[in-house]
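What follows is the residue order along each chain.
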2 protein chains.
Amino acid sequence: MRGIRAARARVAPTAAERRAKESAAAEALALVGREISGREHIAGAELGGSYAKGTWLAGADIDVFVVFDVSVSEARLESESRRIGFASMRAHRPYVRYASHPYVEAEIRGTRVNVVPCYGVRRGEWRSAADRSRFHTEHMSRALTPQMRDDVRVLKRLLQSNGLYGAELAREAFSGYACEVLVAHHGSLEAAVRALARARRGDVIGSADGPQSTPLAIMDPVDPARNLALAVSPANIGRLVMLCRAVESGSMPLSPARARPDAGMLRSTVTVRFFARARPPETIWGQAKSAASALAARLGEGGFGVMRHGAHVSEPAGARPRVTLAFVLESTSAPRWSVGTGPDHFDAANAARFAEANARRSPLVWVGQDSRLRAVRRREHVTATALLRDALSRRLAASGVPAGLRRDVRAGFAVRAGVRASDRLLVGAISDLVSTDARALGGRR
Amino acid sequence: MRGIRAARARVAPTAAERRAKESAAAEALALVGREISGREHIAGAELGGSYAKGTWLAGADIDVFVVFDVSVSEARLESESRRIGFASMRAHRPYVRYASHPYVEAEIRGTRVNVVPCYGVRRGEWRSAADRSRFHTEHMSRALTPQMRDDVRVLKRLLQSNGLYGAELAREAFSGYACEVLVAHHGSLEAAVRALARARRGDVIGSADGPQSTPLAIMDPVDPARNLALAVSPANIGRLVMLCRAVESGSMPLSPARARPDAGMLRSTVTVRFFARARPPETIWGQAKSAASALAARLGEGGFGVMRHGAHVSEPAGARPRVTLAFVLESTSAPRWSVGTGPDHFDAANAARFAEANARRSPLVWVGQDSRLRAVRRREHVTATALLRDALSRRLAASGVPAGLRRDVRAGFAVRAGVRASDRLLVGAISDLVSTDARALGGRR
């Protein structure tokens, strides 16, 4: 894996980038510090995240944590940290964003700054999702050598370039902290890659309190009850394992992968699109994914072979989020007929009921060689578009689309069979579903 | 079940029919008797079958059994009985037919006469398939009262009219002897109908040596090792049970049922037809059914939903038998794409092989949420006709079509999608597959 040494140099920030980041971080911390001074229920403000741990890539955010006393209520923590964020960043056009709590974001000379509230808890006594971060910073500051920090950068860039970076629902992949844990646990990126390339189902990286539900587990060294891989889809765990095999074989794909959607797959894809009311990304992505799964199930029941399905939410600045649900089908049409299986003919009462119920509506009723009654039924919908339109209009309540999205769907939706390669935005939204991840799966040596 | 009394009168032979049958029987027996006289290894000739048991319907055959000494070889039994048959019936245009043994058939004043060889064995020491018959005759002559004989006639006619009569492979239904056993066992047709309408899976009619494999068992009182229902398809057992429920509810359908093929099902049916060399019916029907099952499996593997399949052999006098295989499909076309599931990505060697093998030929390869690799494949055939033509030409040896039929198929075959309602012969051949058996399944009261 000679590629790793060369990669370290490639991903390390330049001297100019370091200077710019340091200046932005110092200014952000100073601005927040000024705002909190004199407030007794705030212990202080401190830098966190990848910058504090020295594992940042050019372009990374700066995180400033405002540490509240545990006596402060959650409501007050939210409102006060918001005020602090806006006041401190007022010269930098602040706005609110949502993770599990709202926080304030701004940009100082091209570097995004997040002002994030947390509680100054003791280890293990977590109250808000951000409380662990300070312990992560502290732990990694001790655990990572300078070379390991460079290795973390390489790993982050490798995952970024291959669609495997980010623990948010939109990605279901690996967080920056998971990258740090992998390198710290194995001692180097090379060792981490070797171990992942040889991973077996059920392997646990780190020490866990008990057996884990993920195909691979990555335990948080700061909290042995927390499996970082829970945020990662099993498919993405597989892609990491296979990517590591490729890296071990000499590949080091640090430039962004270009998806190459297959024309046949685009033609065989049916999409549902609609606009949604703005809400936190984790909420809407969760709803969109759940809607896609539910509609995939409806399609399956309706006789359509769903090869893959997925959801995408595009959030253009200032515009409403647009939800795209996509279904890659064996065929966009289904057989006209299907066979319903009834009771055993020995079960007299039910057999009579089945025969009676089907006498008129079924073109063909018979006794099968397994002694069960059967009846042919005409499928209600022979095209996927007709089925989806019906599910999203007349049968929306029973469609499985989460209640939170139904009002958006009612306001209007578009169902289309086939995706034109020239429709760049749409192709971009569904490209993961219709492209082979050749780097992990190409079988290259 | 008042219908039964009226039915007895309807099916009983008229006085004229009785006289004609008696005269034909007497003449047949006399002709055969004259031919065998003086042959020491032949014990005699005797009347058997439904005539001897008094359970015959107008139009029934007369069976004359030629009883050979057990010391006679099978080859000699066959050749000598054939000579006797031809010599005795020479005035009545005899010809050979095949059951398990060849036998001679002729027609005396409109009544078909079968001259059948058997061995004069002791009970249980069966050597040829016909040997049991004399014991059946003896048993039923004692067991059946005159009213039970009439009941047997009603049951036979009921089964005839509903496609449930005949234990040969073409029918896979109930023999005349099975009708006699049912009535004799229960004491009357009414009691037999009541019992069958309430049958439970695993019921055994008569006494068996052990558990039986058929959904219902009908044991031969002359041979407790023999289950008469083995010749009956499970579907036909079901149709009898349901027909009995209809009879119990007041129905008595003694006129032939008219099949009403459904137009939609005819359109959704694909047929394969070819001519075969002449051979015994049990042989060719067995081969045809086996070919239909094998090709149904090929269609299923190819992505076609086969709702029903079947075979038919038409044997027009003097012409070659014509085999028709029919497949009622959910759709005559299949999806263009299918998904192949590969190994778990944790299985490094096989995962690499799968990825490599599919890198070029598959438009889409990915890791599934179950950790297994998947690849989309283009189906070779998207129409059932193309698949069947390919299976019957290029891939005949691997098609599952029995070797005995392959030469016939090689000589030429026709594959067609959709059956025209106007094609009477073809519709007749497949009507069982595309018609609802409304009498048993109509849910009438």
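Residues numbered from 1 in each chain as written. Chains lettered and ligands numbered in written order. Predicted model: local features only at pLDDT ≥ 70, side-chain atom pairs only at ≥ 80, totals over all residues. Heavy atoms only, no water.

Asks: Quick rundown of the relation of the copies chain A and chain B? Include the residues and the values.
Replies: By a simple turn and slide, chain A fits onto chain B: the slide is 0.0 Å along the axis, the RMSD is 0.1 Å, and the turn is 180°. Taken together, these values place the two copies in the relation of a two-fold axis. Comparing interface residues between copies, 98% of those in chain A also lie at the interface in chain B; the contact surface is shared. (Least-squares fit on C-alpha atoms with pLDDT ≥ 70 in both. Contact = heavy atoms within 4.5 Å.)

Asks: Break down the pattern of salt bridges for me, with residues and values.
Replies: Overall, the coordinates contain 57 salt bridges over all chains when judged by the stated rule. Across the pair Asp408(A) and Arg279(A) runs a salt bridge, and its minimum N-O distance is 2.4 Å. Of this pair, Asp408(A) sits in helix H14 (residues 403-410) while Arg279(A) sits in the loop between strand S9 (269-275) and helix H11 (281-301), placing them 129 residues apart in sequence. Pair check on accessibility: Asp408(A) and Arg279(A) agree, each one buried. One salt bridge in this structure joins Asp220(B) and Arg226(B), with 2.9 Å as the shortest N-O distance. By relative accessible area, which is 1% here, Asp220(B) ends up buried. With a relative accessible area of 29%, Arg226(B) lands in the partly exposed category. In the salt-bridge network here, residues are joined through shared partners; they are Asp61(A), Arg97(A), Glu105(A) and Arg112(A). (Salt bridge = Lys/Arg side-chain N within 4 Å of Asp/Glu carboxyl O. Helix = DSSP H or I, 4+ residues; strand = E, 2+ residues; numbered from the N terminus. Buried < 20%, exposed > 50% of the residue type's maximum accessible area, 1.4 Å probe, protein only.)

Asks: So what's going on with the sheet that holds strand S15 (residues 414-417) of chain A? Residues and values would help.
Replies: Hydrogen bonding along the main chain pairs the strands of a sheet, whether they run parallel or antiparallel. Residue and element names in this part refer to chain A. Reading across from one edge, S10-S11-S9-S15 is the order of the four strands in this open sheet, with antiparallel pairing throughout. Taken across any chain shown, the strands that pair with only one partner, and hence form the sheet edges, are strand S10 (306-314) and S15. Taken over all neighbouring pairs, the strand axes of this sheet differ in orientation by 15° on average, direction set aside. Looking at chain direction, S9 and strand S11 (residues 322-329) are connected through seven bridges and run antiparallel. Along S11, the bridge assignment pairs Val 270 with Phe 327. Sheet strands in contact with H11 are S10 and S11, and its direction is about 155° off that of S10. (Pairing = 2+ DSSP bridges. Axes fitted to C-alpha atoms, helices over the stretch in contact; angles between N-to-C directions.)

Asks: I'd like to hear about helix H1 (residues 3-11) of chain B, residue by residue, with values.
Replies: Residues and elements named next belong to chain B. Of the residues making up H1, those classed as buried are Ile 4, Ala 7, Arg 8 and Val 11. What you see down the axis of H1 is that its buried residues fit within an arc of 110°, all on one side. Turned more than 90 degrees off the buried face of H1, the exposed positions are Arg 5, Ala 6, Ala 9 and Arg 10. Looking at the buried side of H1, the elements it contacts are helix H6 (146-161) and helix H8 (189-197). (Arc of directions from axis to C-beta.)

Asks: Which residues make up the interface of chain A and chain B, and what values do they have?
Replies: Facing the 58 residues of chain A at the interface are 57 residues of chain B. Buried surface at the junction of chain A and chain B, both sides included, amounts to about 4,500 Å², of which 62% is carbon and sulfur. Counting the contacts that link chain A with chain B gives four salt bridges. The partner of Asp344(B) in a salt bridge is Arg201(A), with the nearest N and O atoms 2.5 Å apart. Put simply, chain A and chain B have 13 residue pairs in polar contact (both at pLDDT 80 or more) between them. Per element, the largest residue contribution to the side of chain A that touches chain B is eight residues, and it comes from helix H9 (residues 234-248) of chain A. Residues of the side of chain A that touches chain B, tallied by class, amount to 30 nonpolar, 14 polar and 14 charged. (Buried area = accessible area lost by both parts, 1.4 Å probe. Polar contact = N/O pair within 3.5 Å; in protein donor to acceptor, adjacent residues only side chain to side chain. Nonpolar A, V, L, I, M, F, W, Y, C, P; charged D, E, K, R; others polar.)

Asks: So what about the side chain of His381(A)? Which residues, and what values?
Replies: Residues and elements named next belong to chain A. Relative to the assigned elements, His 381 resides in the loop between strand S14 (372-378) and helix H13 (384-392). Exposure remark for His 381: the relative accessible area of 15% places this residue in the buried category. Within the structure, His 381 has its side chain in polar contact with the side chain of Asp 390 (distance 3.0 Å). Residues in contact with His 381, not counting those within four places in the same chain, are Gly 302, Phe 304, Ala 334, Ala 386, Leu 387 and Asp 390.

Asks: Account for the side chain of Ser431(B), naming residues and giving values.
Replies: Residue and element names in this part refer to chain B. Within the secondary structure layout, Ser 431 lies in helix H15 (residues 424-434). Its relative accessible area of 12% is what places Ser 431 among the buried residues. At 3.3 Å, the side chain of Ser 431 forms a polar contact with the backbone oxygen of Gly 428. Not counting the four nearest positions on each side in its chain, Ser 431 is found in contact with Ala 259 and Pro 261.

Asks: Before we move on, can you summarise the domain arrangement of chain A with the specific residues and values?
Replies: Here chain A is partitioned into domain 1 (9-123), domain 2 (144-248), domain 3 (263-334 + 382-437) and domain 4 (337-378). Computed from C-alpha coordinates alone, the two centres of domain 1 of chain A and domain 4 of chain A are separated by 67 Å. (Domains from an automatic or database assignment.)

Asks: Now, about the packing of helix H2 (residues 15-36) of chain A against helix H4 (residues 74-88) of chain A: what can you tell me, with residues and values included?
Replies: All names here are of chain A. Contact pair H2 / H4: the axes reach a minimum separation of 9 Å and the direction vectors enclose 125°. The orientation of H2 relative to H4 falls into the category oblique. The handedness of the crossing between H2 and H4 is right-handed. Across the interface between the two elements, Leu 31, Val 32, Glu 35 and Ile 36 from H2 touch Ile 84, Ala 87 and Ser 88 from H4. Its residues assigned to classes, the contact of H2 with H4 comprises five nonpolar, one polar and one charged. (Parallel < 35°, antiparallel > 145°, perpendicular 65-115°, else oblique. Left-handed = near helix turned anticlockwise from the far one by under 90°.)

Asks: Residue-level account of the packing of aromatic side chains, with values.
Replies: Two descriptors summarise a pair of aromatic rings, namely the distance from one centre to the other and the angle between the planes of the rings. In the structure shown here, the tally under the stated rule is four aromatic pairs over all chains. When the ring of Tyr51(A) is compared with that of Trp56(A), the centres are 6.0 Å apart and the planes differ by 40°; the resulting orientation is tilted. The two residues Tyr51(A) and Trp56(A) agree in class, both being buried. Sitting above the plane of the Trp56(A) ring, Arg153(A) keeps its charged end 5.6 Å from the centroid. Across the ring face of Tyr119(B), the terminal group of Arg127(B) is positioned such that the distance to the ring centre comes to 4.1 Å. (Phe/Tyr/Trp six-rings, centres within 6.5 Å; stacked < 30°, edge-to-face > 60°. Lys NZ or Arg CZ within 6 Å of the ring centre and 35° of its normal.)

Asks: Outline unusual backbone geometry, listing residues and values.
Replies: All names here are of chain A. Residues other than glycine seldom take positive phi values, yet Arg 93 does so here, at roughly 50°. Secondary-structure assignment places Arg 93 in the loop between H4 and strand S3 (95-98). Note on Arg 93: relative accessible area 74%, which makes it exposed.

Asks: I'd love a proper account of the pairing of strand S4 (residues 102-108) of chain B, names of residues and values included.
Replies: Residue and element names in this part refer to chain B. By the criterion of burial, S4 is predominantly enclosed, with six of the seven residues buried. Remark: three residues form the turn of the hairpin made by strand S3 (residues 95-98) and S4, two consecutive strands paired antiparallel. Pairing of S4 with strand S5 (residues 111-119), which is carried by five bridges, proceeds in the antiparallel orientation. Pairing of Ile 108 across the sheet is with Thr 111, part of S5. Where S4 hands over to S5, the hairpin turn is made up of two residues, of which Arg 109 adopts a positive phi near 45°.

Asks: How would you summarise the sheet that holds S5(B) if you had to cite specific residues and measurements?
Replies: All names here are of chain B. If you walk across this open sheet you meet the five strands as S1-S2-S5-S4-S3, and the pairing is mixed. Strands at the two margins of the open sheet, each flanked by one partner only, are strand S1 (42-48) and S3. Each strand axis lies, on average, 30° off the axis of its neighbour in the sheet, ignoring direction. Of the strand pairs in this sheet, S1 and strand S2 (residues 62-68) are connected by six bridges, and their pairing is antiparallel. Bridging from a neighbouring strand, Glu 46 pairs with Phe 65 of S2. Along the sheet, helix H4 (residues 74-88) makes contact with S1, S2, S3, S4 and S5, crossing S5 at roughly 155°. Relative to the sheet, helix H5 (residues 131-143) contacts S1, S2 and S5, its axis offset from that of S5 by approximately 110°.

Asks: Let's hear about helix H12 (residues 348-361) of chain A: which residues, and what values?
Replies: Over its 14 residues, H12(A) extends 21 Å from the first C-alpha to the last, a length consistent with the 20 Å expected when each residue adds 1.5 Å. Of the residues making up H12(A), those classed as buried are Ala351(A), Phe354(A), Ala355(A) and Asn358(A). Take H12(A) and look down its axis: the buried residues cluster within an arc of 100°, on one side only. Exposed residues on H12(A) whose side chains face more than 90 degrees from its buried face are Arg353(A) and Arg360(A). Check the buried side of H12(A) and you find it contacts strand S12 (337-344), strand S13 (365-367) and S14 of chain A together with helix H9 (234-248) and helix H16 (438-441) of chain B. (Expected span 1.5 Å × (residues − 1).)

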